[in-house]
Amino acid sequence: MAKPHSSAAAGGQPDWSAVRERFLATGAADEVLAGRTDLVEQTVLAAWQEHLAPVLPRGLTLVAVGGFGRRELYPHSDVDLLILVERSPAGPAREALSAFLRALWDHGLRLSQSVRTPRECLELDDANVELTVSLLDRRPLAGDRLLYDRLNERLPHFLRRRRRPLTEHLCRLARPRHARHQDTIFHLEPNVKESPGGLRDLHLLVWLDQLRDDPLIRSTWLEGLAGAREFLARLRCFLHFRSGRDDNALSLDAQEDLARAGFGCGWPPEQWMRQYYVHARAVFGAALRAIELSEGRSSSLLAEFRQWRSRLSTADFSVLRESVLLKSPPQIAHDPELVLRLFRFVARHRLKLAWETERRIGEALDLIERHYAERGPHWPALLEVLALPYASCALEAMNATGVLGTLFPEWKRIECLVVRDFYHRYTVDEHTLRAIQAFDDLSSAADPGRARLAELAREIERPDLLRFALLFHDVGKGEAGGRHIERSLELVAGVMERIQLPLRERRLVHFLIAHHLDLSAAMTSRDLDDPTTARFLAGRVETVERLKYLTLLTYADISAVNPTAMTPWRLELLWRLYLAAYHELNRELATDRIEAGRSADPERSELLEGLPVRYLRIHSDDEIDRHLELARRCRERGVAVDLERRNGVYRVTIVAHDRPFLFASIAGALAGFGMNILKADAFTNKRGLIVDTFVFEDPARTLDLNPSEVERLCVTLERVILRKIRARDLLQTRPKRLRPSRGSRIDPQVAFDSLSSESATLIEIVAEDRPGLLYDLARAISEAGCNIDVVLIDTEAHKAIDVFYVTFEGGKLGAAQEEALRHALVEAARAEA
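These lines cover the structure that appears in this document, whether it is placed above or below. (Residues numbered from 1 in each chain as written. Predicted model: local features only at pLDDT ≥ 70, side-chain atom pairs only at ≥ 80, totals over all residues. Heavy atoms only, no water.)

### Observations regarding the packing of helix 28 (residues 518-525) against helix 31 (residues 568-585)
Each pair of packed helices gets described by two things: the angle between the helix axes and the distance between those axes.
For step 1, the next point in the chain: Two numbers describe how helix 28 lies on helix 31: the axes approach to 10 Å, and their chain directions differ by 110°. Between helix 28 and helix 31, the angle is such that the two are roughly perpendicular. Along the contact surface, helix 28 presents L519, A522 and M523, while helix 31 presents R570, L573, L574 and L577. (Axes fitted to C-alpha atoms, helices over the stretch in contact; angles between N-to-C directions. Helix = DSSP H or I, 4+ residues; strand = E, 2+ residues; numbered from the N terminus. Parallel < 35°, antiparallel > 145°, perpendicular 65-115°, else oblique. Contact = heavy atoms within 4.5 Å.)

Next up, the structure:
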């Protein structure tokens, strides 16, 4: 048994400080893991010697398990300790054990301890599966060696008998963990421990390896992953040292600090991240293969299904357990086009490639590259793949095997490419593939919002060209300069020339890439109910057919930004934008509703008189009737508020008497209540009665989970409008925001546009989002004597993009007014609520 060190040595501060400095200079993680393990072991042994050895010389053993057992303790990771006992401690023994644990906690160890008898260690149920897994990495530290030997002798037999449930449990834990990270390694800010391809997957491989008897499979799983383990260990050590805690998130700030570290080699953050993705892809691929082989025998129903699937085999390919094998692998050398036929087979039937198939393709990449580098009519075979229902599945396999970059060297520019954008979740290549998958998934869409787009997808003639355009729409981001659309067009033109795509098809692809941001920009910066917006878009797309393609591409592009980007609200905006442009292209503007809005009813006429014609265009007769009822309530109480939920968002309509700063006060009250405002319309009639509508999200689900809060919100709005409470006071109760990372700070920018609307000046403000921002901006506009007609609000992570339609005395702003207002808005955006 090792002798405990002195208390100073046990604390280990001088030695540990030297280990830290050497690591930051060299990046050698193994020394850190060994050093921390030794220091913790010394601390544990010293506490054992002081508190347990005198009382329990026999009948108790300390066993290091998990990362402690593997001698892989990171600077701030938990310490897993099994206290193996003959029987449950009682009396003095229990008190000694408590003193022992307190001593370890007092030394700052984050202990994860378990007290078990050998018999309890050899039982498997839901309560102690994690303990059993941790025993795979075990070693004795101190105490009764005979007790440990008794467990150690019986444990291998127990593990052999319980191999299947243990293996299935490990796989059940891994699948949802992967799903929480969207089953991809390509996050811009990954978790180096928990994300797919991280250290947890490496541990999974080792554990599954220990639970199998087949040495061939074991060597296949772990082959070539030593470099990945070393790289990931280095990253985790760095993150722990950097934050002084068990922090495993490789944030944008951490990436910058990593590049500046002594072992950074002068690499920029983007290069470090590309190295990360290379290693994570290897680990994740091995983990997926291990899980598939380890998940146990299938149910009879699944077995029958797989047997039926095996009948899909052709002259070139055979299907075994959902995986495609080449019947004659050497054939690739004589027939490189076999590869595209293989992926066409995958795209038709949604299959995976077998390991052996991936290996054979990897060996043939040079041959494939030489074949497709030559200019020739390659487009028919390629578009056959892209025309099939599971094209995204085939493209993912092509990317994973390197075929996509081999066919198109232009694709390599965005492989594992990090664009430091706080709104996008994924690397550029992953975003692209997810966009194509989002389009493919429309075919099975069940919710009404997506079902409408699915109908559009069935109406277009060439889904293959839409997928082709998506494949290359961001390829220009591989170069600096901020002109990615122009560069993407240059690169895709070379691709289309090389594969000899016909000119008609080239024009559609060129149009889609050139205009792929038009609809998303209009959704966030244009009033969809303004006829000018419809006319602008109709002029851009020119035909209904192009409009359908562009709408579908926009849906796919936004959906692939991050898992929550395509909200029900954005989906509704996109559809409304499509309809507006569609009606304009078909010359079917709904002018009859304007006539229907005029009425001989005196009360109705009183409400409508003086309201802009736009009011009649965006509100139905039923909505106008509701506004009339609100106007009656307003006469009695001075204000009327109506709140409803629609399309996943809330809509509040307010009728009140106009006054200065009223719009800003309403915005402030909603922000003070924790709501995120998406859009607002403001109307004032001849008699000074306002009809304002605010559409907002409830991110904390306050109104959903607490029905009484609906009434409280309405009452709060009424009190703010009647000046009984101040909106600014409500904003003071909002929690302080978390500032974004240093590299993501945003300086406010203000732009004026007098051409996009016939009657108003558009003011676009881009600023760092915060509670009360809209209130401050609206207040600045009101202080300048301007009227706010429409507000469009969009938020990308912590970047707010707000567009105001503003008038001054019924007309547009002059140049002097714009300049004065620009200064006021910048100051308002910089102010803290």
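### Some details on the pattern of salt bridges
For step 1, the next point in the chain: Inspection of the entire model under this criterion finds 65 salt bridges.
For step 2, the next point in the chain: Note that E194 is salt-bridged to R200, the shortest N-O span being 3.4 Å.
For step 3, the next point in the chain: R200 sits in the partly exposed class, given a relative accessible area of 24%.
For step 4, the next point in the chain: Across the pair R236 and D246 runs a salt bridge, and its minimum N-O distance is 3.2 Å. Here the residue R236 occupies a position in helix 12 (residues 226-243), and D246 occupies one in the loop between helix 12 and helix 13 (252-260), the gap between them amounting to 10 residues. (Salt bridge = Lys/Arg side-chain N within 4 Å of Asp/Glu carboxyl O. Buried < 20%, exposed > 50% of the residue type's maximum accessible area, 1.4 Å probe, protein only.)

### A few points about the sheet that holds strand 2 (residues 79-85)
For step 1, the next point in the chain: Ordered in space as 3-2-1-4, the 4 strands form an open sheet in which the pairing is mixed. With one partner strand each, in any of the chains shown, strand 3 (111-116) and strand 4 (138-143) form the two edges of the open sheet. This sheet shows a mean twist of 25° between the axes of neighbouring strands, independent of strand direction.
For step 2, the next point in the chain: Examined bridge by bridge, strand 2 and strand 3 share 6 bridges and lie parallel to one another. (Pairing = 2+ DSSP bridges.)

### Observations concerning unusual backbone geometry
For step 1, the next point in the chain: Positive phi, normally seen in glycine, also occurs at Q500, with a value near 60°.
For step 2, the next point in the chain: Along the chain, Q500 falls in the loop between helix 26 (484-498) and helix 27 (503-514).
For step 3, the next point in the chain: You can call Q500 partly exposed: its relative accessible area is 25%.

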